[in-house]
Amino acid sequence: MTISLREDLMKEQKNPIAINIYYNKNLTIDKRIKNILCGIEEEEIPFILIPDDEENVKILGDKAAKSSKLGVGIGINSKEVTLYQEKLSVEKPLFECSLNSSDYVLRAIGTNGARLIKGNPFIII
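Residues numbered from 1 in each chain as written. Predicted model: local features only at pLDDT ≥ 70, side-chain atom pairs only at ≥ 80, totals over all residues. Heavy atoms only, no water.

Some thoughts on the environment of Thr28
Reasoning step 1: With respect to the helices and strands, Thr28 occurs in the loop between strand S1 (19–24) and helix H1 (31–42).
Reasoning step 2: By relative accessible area, Thr28 is classed as exposed at 57%.
Reasoning step 3: Remark: the alpha-carbon pair of Thr28 and Ser78, spanning 50 residues in sequence, is separated by 9.3 Å. (Helix = DSSP H or I, 4+ residues; strand = E, 2+ residues; numbered from the N terminus. Buried < 20%, exposed > 50% of the residue type's maximum accessible area, 1.4 Å probe, protein only.)

Put into structure tokens, the structure is as follows:
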């Protein structure tokens, strides 16, 4: 599994085409987060992990989607995970779950982010 980390946000024109994953910088990339990444990777969509000072998971997810050239982003804080499409309101993520959810649910969040881009049916969580 390839994990890309960006400490400093690149200028918009240099952003690669990928699902952006904004996470609180105090988090450790552990098994829970790797499950989300595996879900994306299985669908063969690239992703970028971006550390951020923000604590609010909805703001993280919204920022991730709006900064992604694919228009899809995931936000992760110490307790929750959100999946956004760039046109959604910050108050209404497409999917939201606890970071302590089962491996299946966390993987499904990543898979659903990739499937949103591909236009494939979602996994029901």
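Structure's up, so let's keep going.
Points about the pairing of strand S2 (residues 47–52)
Reasoning step 1: Across the six residues that make up S2, a large majority, six, are buried.
Reasoning step 2: Read from S1 through H1 to S2, the crossover connection turns out right-handed. (Right-handed = clockwise from strand over helix to strand, strands pointing away.)

Digging into the nonpolar core
Reasoning step 1: One finds Ile19, Ile21, Ile74, Ile76 and Val81 to be the most contacted residues of the largest nonpolar core, which totals 23 residues.
Reasoning step 2: Contributing elements (two or more residues each) for this core: S1, H1, S2, strand S3 (72–76), strand S4 (80–85), strand S5 (95–98) and helix H3 (103–118).
Reasoning step 3: Listed in part, the six residues of the second largest apolar core include Tyr22, Ile48, Ile50 and Ala64. (Core = buried A, V, L, I, M, F, W, Y, C linked by side-chain atoms within 4.5 Å.)

Comments concerning the packing of H1 against H3
Reasoning step 1: Close contact between H1 and H3 brings their axes to 7 Å; oriented N to C, the two are set at 40°. Of the possible angle classes, the one that applies to H1 and H3 is oblique. The two elements H1 and H3 meet at a crossing, and its hand is right-handed. Every residue of H3 that contacts H1 at Lys31, Arg32, Asn35, Ile36, Cys38, Gly39, Ile40 and Glu42 is listed here: Asp103, Leu106, Arg107, Gly110, Thr111 and Ala114.
Reasoning step 2: Looking at the contact of H1 with H3, its residues break down into five nonpolar, four polar and five charged. (Axes fitted to C-alpha atoms, helices over the stretch in contact; angles between N-to-C directions. Parallel < 35°, antiparallel > 145°, perpendicular 65-115°, else oblique. Left-handed = near helix turned anticlockwise from the far one by under 90°. Contact = heavy atoms within 4.5 Å. Nonpolar A, V, L, I, M, F, W, Y, C, P; charged D, E, K, R; others polar.)

Describing H1
Reasoning step 1: Here H1 contains twelve residues, and its C-alpha end-to-end distance of 16 Å stays within 8% of the 16 Å for a straight helix at 1.5 Å per residue.
Reasoning step 2: All of the buried residues in H1 are Ile33, Asn35, Ile36, Leu37, Cys38, Gly39 and Ile40.
Reasoning step 3: Buried residues in H1 make contact with S1, S2, S3, S4 and H3.
Reasoning step 4: The first or second residue beyond H1 is Glu44, which carries a positive phi of 60°. (Expected span 1.5 Å × (residues − 1).)

With respect to the sheet that holds S1
Reasoning step 1: Here five strands make up an open sheet; going across it, the order is S2-S1-S3-S4-S5 and the pairing mixed. The open sheet terminates on both sides in strands that have one partner only, identified here as S2 and S5. Taking each pair of neighbouring strands and ignoring which way they run, the sheet shows an average axis angle of 15°.
Reasoning step 2: Strand direction decides the pairing type here: S3 and S4, joined by five bridges, are antiparallel. Within S4, the residue paired with Val72 across the bridge is Gln85.
Reasoning step 3: Running over the sheet, H1 touches S1, S2, S3 and S4 and is turned about 170° from S3. (Pairing = 2+ DSSP bridges.)

No statement about biological role is implied by the geometric values presented.
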